[in-house]
Amino acid sequence: MTASAIPRDNVKSMAPPNPFQDPLRFERRVPQCAMVIFGANGDLTKRKLLPALYRLAYDRRLSSGFAVVGISRTPLTDEQFREKMREAVEEFSEDTKFDPELWQPFAQGLFYLAGDIGDADLYQRLAQKLKEIEETRHTGGNVLFYLSTQPSQYGRAALGLGAAGVGKGNGWRRLVVEKPFGHDLASARALSDELHQVFPESDVYRIDHYLGKETVQNILAFRFANGIFEPLWNRRYVDHVQITAAETIGVEGRGAYYQETGALADMIQNHLVQVMATMAMEPSAGFHADAVRDERAKLLRSIRVMKPDEIRVDTVPGQYGPGRIGGEQVPGFRQEPGVDPESQTNTYAAITFFVENWRWAGVPFYLRSGKRLAKRVSEIAIQFKPAPLAIFDGESDEMSPNLLIMRIQPEEGISLKFLSKRPGAGMKLRPVSMDFNYGSAFGERSPSAYETLLLDAIIGDATLYTRQDMVEASWTVVEPIQNLWRATKFDFPNYPAGSWGPPAADEMLARRGHQWRKP
Amino acid sequence: MAATLSPEDILRQLADTWAGLDKEGPGVLRACSMTLITVAREAEDVSSVLETLASLMPEHPARSIVVRLQRGALLAGHVTAQCWMPFGQGRQICSEQIEITASPDEIEDVASVIDPLAAPDLPRILWCRSRDVFESVGFDRLAEMASKVVLDTADWPDAQDAIQGIAATAARGVRVADLSWTRLTRWREMLSQVFESRREAARLAAISRVRVVYGGAARPVAALYMGAWLTDALEAAGVRADLSLERDASLPAEHFSTVELSGGGFHVDLTRQQERLITTVDGQSHCVSLPHATDCRLLREELGIVRHDPVFERTLSSAARL
């Protein structure tokens, strides 16, 4: 490979080949680095980031000098921050034993700076701290910045880093940004413009934790490592696709935040559209970040942008009302704390998308996501067309389409449903399911999405991160829906908590002769 | 009169076992990713072998064939199912276990029974637990039907003989693994991590001395592997270093204690302290856990590699020349 062929974002991280490497047995190579978390006192840091980092340290996946600088407004000493993080790790590490002896050296790499994101002095102190860490912990000047703050602060944080010269240094500098990436197309572009003043796009890692889940990654393995599925993966054999992300919980005290976003922007625009792109994209030329993301982006750009009359028939917003779940009475969305009693926020969204390319023309992609639904489940269900001729008596009565189901959570796995002859005389058919269960085929623990994604960012692998053009493409298809929904007054609530969503969503599918699966 | 054992009978028993499990309800899921053939001698604690196999099943669900060699035993076999219920799930997952008893001089006959019993189209791994079996006449027949043979030379009396024997087997085209090598993975990985840093990588050229310290009266195979791997890796980076394998009489037998690389003011060492591995680079230490390497842990790693293992093959060949 010539130097000019090396992706620009990889050049800085290129080290001489390590003669002691054994890629067959060792985990991926992890460079030395420091990580700076803005919003270090927040929920995400405590519930997800620190438990994930601790688990990576527990599994010896982090370098020995790895350091974290937490930044937040609350005044804390390094020791107080370490104690808070210890409590968080103990409380939120779901399947990792807390080992005080391993925590001790890990905690020595945790540091804290109190300050306001808008205060220029904070960045000078951060520069000084990073310099000290580079010298004492040999991090090679590599720094991963993680913005776990209010989205409105992203631009200020990036510009603050740039103004203090911290956005550049001896090693690589990368910036991880949590969703939402803007609240519409214009704001997504404006955010990218601000970030790009300091970090080139190749160093911006927009995190979508759905893409870090094992089954979502496994979609690529399933499709492109096996030869038998690809010939079926098109309009000729696929009748329609259903992508579901259903939650049983409500807004869990985040009503004020949630009513500004809603299911369409919170789930469909990012997670589900990205999952759809992974499921439907063309094979990439290789398994490296830009090749995979190019194909995902191309698919996103192929989704038909709906006109208002199409939006009225092919989308359904919903909002849950009070209901009973497991014998317990639960409040409706409008009764949740902090929520406007007249709120028009969608807590449920169902959309019919069409992909305008040769592979998928005419195949409906039904996406739905909602809160307070009957079951917590995320899955992709691909329904195949029936056999061209029914030759068995009574087959039409027992007709059950072939289904390929990829379960994202819980019980990650893949099932194929097909018809089989019932034992005994005559030719009576019955549907049977062939199951691949991730947990049973690979009993080892699957890393959490944050472990996968944080490690990828440290290594410099952006395959599972969302690129600017992907964000813009998904806003391009979602924004017209959002605009029309905002301009319409809906008769909410339109589904009771604990149900499968509004009846209008069933009607949306019924118009094409389909029905939602009850997973 | 010699007993005979029909593979068809065993396959029928297998089918009956599954039919019986299915009758218990719809909650049984069958899982199989390989055939794992384990050969255990009479003197071995078979219940502990079965326990190891049972704990491997969730990660490497296999059709497990356990061959128990007992002097005077008649060739016989029976079938059981190993089932487990993953936490929080409503289905049992089951894999098959076939136990065959045979006299040690019937190994070749055993091979002819095992061959048709192996799950089709999936890898066949032979876990050969004893040196006697490895050196027996029938071993080649067992080895040639396996995709990979897993040995453990930890208690073989002469390290050099052991390595020569394994290298000769590998030269015949048998894909071999040795758990003495697998025990070194964590050590090797920690050492490798040191040189992931640009700063340390730049100092590789300064290394002029490699020291491997072990305990016990005899030199263990692991020490030879470690020495060969280190010198190979350094040579690949253009660095020639003197290797010394040193015995420390104060350490318990087969205890592998320290690996040290030094030269030009640069010093890296890895030392075991109970269940911890301490890496020290120029006086700065970093500690990770080094849990006891049980058969289960070691096999879990080896069963995950059913392909050409270039680093081990290179090391084996270099160790044979040490």
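Residues numbered from 1 in each chain as written. Chains lettered and ligands numbered in written order. Predicted model: local features only at pLDDT ≥ 70, side-chain atom pairs only at ≥ 80, totals over all residues. Heavy atoms only, no water.

**Student:** Mind showing me how you'd approach the overall build of chain A here?
**Tutor:** Broken down by element type, chain A carries 16 helices and 18 strands. The C-alpha extent of chain A, read off along each of the three principal axes, is 80 × 60 × 45 Å. Classification of the 519 residues of chain A by burial places 56% in the buried group. Within chain A, contacts between residues at least 6 apart in sequence are counted, and of these 78% link residues at least 24 apart. With the model as given, the accessible surface of chain A reaches about 21,900 Å², and the carbon-plus-sulfur share is 52%. Across chain A, the mean location of the 62 positive side-chain charges is 3 Å away from that of the 65 negative side-chain charges. (Helix = DSSP H or I, 4+ residues; strand = E, 2+ residues; numbered from the N terminus. Buried < 20%, exposed > 50% of the residue type's maximum accessible area, 1.4 Å probe, protein only. Contact = heavy atoms within 4.5 Å. Areas by Shrake-Rupley, 256 points an atom, 1.4 Å probe, with all protein chains shown as cover. Lys, Arg positive; Asp, Glu negative; His and termini not counted. Charge placed at Lys NZ, Arg CZ, Asp CG, Glu CD.)

**Student:** Can you walk me through the packing of aromatic side chains in this structure?
**Tutor:** For any pair of aromatic rings, geometry is given as the distance between the ring centres together with the angle between the planes. Residue and element names in this part refer to chain A. According to the stated counting rule, one finds 28 aromatic pairs over all chains in the structure shown. Measuring from centroid to centroid gives 6.1 Å for Tyr54 and Phe106, while their planes differ by 75 degrees, and the two rings are edge-to-face. With a gap of 52 residues between them, Tyr54 in helix α2 (residues 43-58) and Phe106 in helix α4 (residues 100-107) connect regions that are remote in the sequence. According to the relative accessible area criterion, Tyr54 is buried, its value standing at 1%. Given the relative accessible area of 9%, Phe106 is considered buried. Above the plane of the ring of Tyr210 lies Lys213, whose end atom (NZ or CZ) is 5.7 Å from the centre. (Phe/Tyr/Trp six-rings, centres within 6.5 Å; stacked < 30°, edge-to-face > 60°. Lys NZ or Arg CZ within 6 Å of the ring centre and 35° of its normal.)

**Student:** Would you take a moment to explain the environment of Thr280 of chain B for this structure?
**Tutor:** Residues and elements named next belong to chain B. Within the secondary structure, Thr280 sits in strand β13 (residues 276-281). Classification of Thr280 by relative accessible area gives buried; the value is 15%. Remark: the alpha-carbon pair of Thr280 and His267, spanning 13 residues in sequence, is separated by 7.9 Å. Thr280 has contacts with His267, Val268, Asp269 and Ser285, leaving out every residue within four places of it along the chain.

**Student:** I would appreciate a short explanation of the packing of helix α10 (residues 221-236) of chain B against helix α12 (residues 310-319) of chain B in the present structure.
**Tutor:** Residue and element names in this part refer to chain B. The N-to-C vectors of α10 and α12 enclose an angle of 105 degrees; their axes lie 8 Å apart at closest approach. The pairing of α10 with α12 is recorded here as roughly perpendicular in orientation. Where α10 abuts α12, its residues Leu224, Tyr225, Ala228, Trp229 and Asp232 lie against Val311, Phe312, Arg314, Thr315, Leu316, Ser318 and Ala319. Of the residues belonging to the contact of α10 with α12, the class tally is eight nonpolar, two polar and two charged. (Axes fitted to C-alpha atoms, helices over the stretch in contact; angles between N-to-C directions. Parallel < 35°, antiparallel > 145°, perpendicular 65-115°, else oblique. Nonpolar A, V, L, I, M, F, W, Y, C, P; charged D, E, K, R; others polar.)

**Student:** How do you make sense of the pattern of salt bridges when you look at a structure like this?
**Tutor:** Where charged atoms from two side chains of opposite charge approach closely, those side chains can pair. Scanning the model with the defined rule gives 46 salt bridges over all chains in all. We note a salt bridge from Glu302 of chain B to Lys148 of chain B, for which the minimum N-O separation is 2.7 Å. Separated by 154 residues along the polypeptide, Glu302 of chain B in helix α11 (residues 295-303) and Lys148 of chain B in strand β7 (residues 148-151) bring together distant segments of the chain. We note that Glu302 of chain B, like Lys148 of chain B, is buried. Across the pair Asp282 of chain B and Arg203 of chain B runs a salt bridge, and its minimum N-O distance is 2.7 Å. Placement of Asp282 of chain B in the loop between β13 and β14 (284-289) and of Arg203 of chain B in the loop between α9 (198-201) and β9 (209-214) is noted, with a sequence separation of 79 residues between them. Note on Asp282 of chain B: relative accessible area 35%, which makes it partly exposed. Each of the salt bridges in this network shares a partner with another, and the network as a whole consists of Asp290, Arg293, Asp294, Arg301, Arg467 and Asp469 of chain A. (Salt bridge = Lys/Arg side-chain N within 4 Å of Asp/Glu carboxyl O.)

**Student:** Quick question: what am I supposed to make of unusual backbone geometry here?
**Tutor:** Residue and element names in this part refer to chain A. Pro180 follows Lys179 through a cis peptide bond whose omega is 5 degrees. Of note, the bond from Phe492 into Pro493 is cis; its omega dihedral lies within 30 degrees of zero at -5 degrees. Mapped onto the elements, Pro493 comes out in the loop between α15 (468-486) and β18 (495-496). A positive phi angle, near 55 degrees, is found at His138, a position not held by glycine. Note that His138 resides in the loop between α5 (120-137) and β4 (143-147). Unusually for a residue other than glycine, Arg372 sits at a positive phi of about 55 degrees. Note that Arg372 resides in the loop between β13 (364-370) and β14 (377-384).

**Student:** Explanation requested: the pairing of β9 of chain B in the structure shown.
**Tutor:** Residues and elements named next belong to chain B. As judged from the six bridges shared by β9 and strand β10 (residues 242-247), these two strands associate in the parallel manner. If you follow Tyr214 over to β10, its bridge partner there is Arg247. The parallel pair β9 and β10, bridged by α10, forms a crossover whose chirality is right-handed. (Pairing = 2+ DSSP bridges. Right-handed = clockwise from strand over helix to strand, strands pointing away.)

**Student:** So what exactly am I meant to see when it comes to the nonpolar core here?
**Tutor:** Burial of nonpolar side chains together is a common tendency in soluble globular proteins. If you look at the biggest cluster of nonpolar residues, it comprises 149 residues, and the most contacted ones within it are Phe38, Leu126, Phe145, Phe353, Trp360, Phe365 and Ile380 of chain A. Of the residues forming this core, the biggest block, 12 residues, is contributed by helix α10 (residues 263-280) of chain A. By size, the runner-up hydrophobic cluster in this structure holds 78 residues, among which are Leu69, Ile100, Met190 and Tyr214 of chain B. (Core = buried A, V, L, I, M, F, W, Y, C linked by side-chain atoms within 4.5 Å.)

**Student:** Just to check I follow, could you spell out the side chain of Thr466 of chain A for this structure?
**Tutor:** Residue and element names in this part refer to chain A. As for its position among the elements, Thr466 is in the loop between α14 (449-459) and α15. Using a relative accessible area of 2% as the deciding quantity, one classes Thr466 as buried. Excluding anything up to four places from it in sequence, Thr466 contacts Arg206, Asp208, Leu211, Gln274, Arg293 and Val471.

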